[in-house]
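# A structural walkthrough
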Amino acid sequence: GCATNAMPSASICCWPPLSGIGDLLTQLGIPFSMYAHTGQGVRRSGGPGYELIIVPLKGEHQLWKGDGRDNARRLRSGAANLDGHTMQAYRKMLERQKGRDKLLLYFTDGAMPCENGVEEKQVLIQECAVLKAKRIHTIGVGIGCDDPRRYGLDTIEVNSTRDIPALLQGIGERLTH
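As a starting point, this report considers the structure included with it. Bear in mind that the values here come from a model prediction, so they are computed numbers and not experimental data. (Residues numbered from 1 in each chain as written. Predicted model: local features only at pLDDT ≥ 70, side-chain atom pairs only at ≥ 80, totals over all residues. Heavy atoms only, no water.)

What follows covers the overall build of the protein chain. Across its full length, the protein chain holds five helices and six strands. Burial analysis of the protein chain (177 residues in total) assigns 50% to the buried set. Across the protein chain, the fraction of contacts at a sequence separation of at least 24, relative to all contacts at a separation of at least 6, is 68%. (Helix = DSSP H or I, 4+ residues; strand = E, 2+ residues; numbered from the N terminus. Buried < 20%, exposed > 50% of the residue type's maximum accessible area, 1.4 Å probe, protein only. Contact = heavy atoms within 4.5 Å.)

Before going further, it helps to spend a moment on the pattern of salt bridges. For the structure shown, the criterion picks out seven salt bridges. With a shortest N-O distance of 3.1 Å, Glu95 and Lys134 are connected by a salt bridge. Here the residue Glu95 occupies a position in helix α3 (residues 83-96), and Lys134 occupies one in the loop between α4 (117-133) and β5 (137-143), the gap between them amounting to 39 residues. A single network of salt bridges, built from pairs that share partners, joins Arg91, Glu95, Glu127 and Lys134. (Salt bridge = Lys/Arg side-chain N within 4 Å of Asp/Glu carboxyl O.)

Attention now moves to the nonpolar core. Residues Ile21, Met34, Leu105, Phe107, Val141, Leu167 and Ile171 are the most contacted members of the largest nonpolar core, which totals 23 residues. Of all the elements in the fold, those that place two or more residues in this core are α1 (17-27), β2 (32-44), α2 (64-74), β4 (102-108), β5, β6 (154-158) and α5 (164-176). The dominant element in this core, judged by the number of residues it contributes, is α1, at four residues. Counting residues in each nonpolar core, the second largest holds 14 residues, with Leu104, Met112, Cys128 and Leu153 among its members. (Core = buried A, V, L, I, M, F, W, Y, C linked by side-chain atoms within 4.5 Å.)

Moving on: the packing of aromatic side chains. As enumerated under the stated definition, the model contains three aromatic pairs in all. Taken together, the ring pairs in this structure connect Tyr35, Tyr90 and Tyr106 into an aromatic cluster. Sitting above the plane of the Phe32 ring, Lys58 keeps its charged end 4.5 Å from the centroid. (Phe/Tyr/Trp six-rings, centres within 6.5 Å; stacked < 30°, edge-to-face > 60°. Lys NZ or Arg CZ within 6 Å of the ring centre and 35° of its normal.)

Following this line, the structure appears as structure tokens:
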């Protein structure tokens, strides 16, 4: 909200409603950014590790029509959800934005966190608390799951494409209240 980041996970984004969510935010006149995330295993001198990859779909000052919408439609599945560090990166992005009211839409298809379990879970729990303390409203969108609810996030669960209208209505209601 009003400096809004809608940040879907690349692991679920071969999924049609992303363009609808961007359309909804645009129709409501809410400035937003949209990112996707994934990760990959890497080898380091200390052993194996993970690298977080964040892909901008629409920047804060870009128009939704054109590149942003096309980028969201072209996105395909990835793997290695590093939810704790992803949430931390998105929080820091939101903190740099100028808007007074801020919202993070966090999409997941479950198994939060999927990779690097122990560390990611600790960071995820910490980040959810920090987001709440900083009054950055966070909505988890669970695709076929309610995993975000386990971390205290306001959660909208989507189990099939028939739930898309309810998802958009739920987001709209939360943005206007």
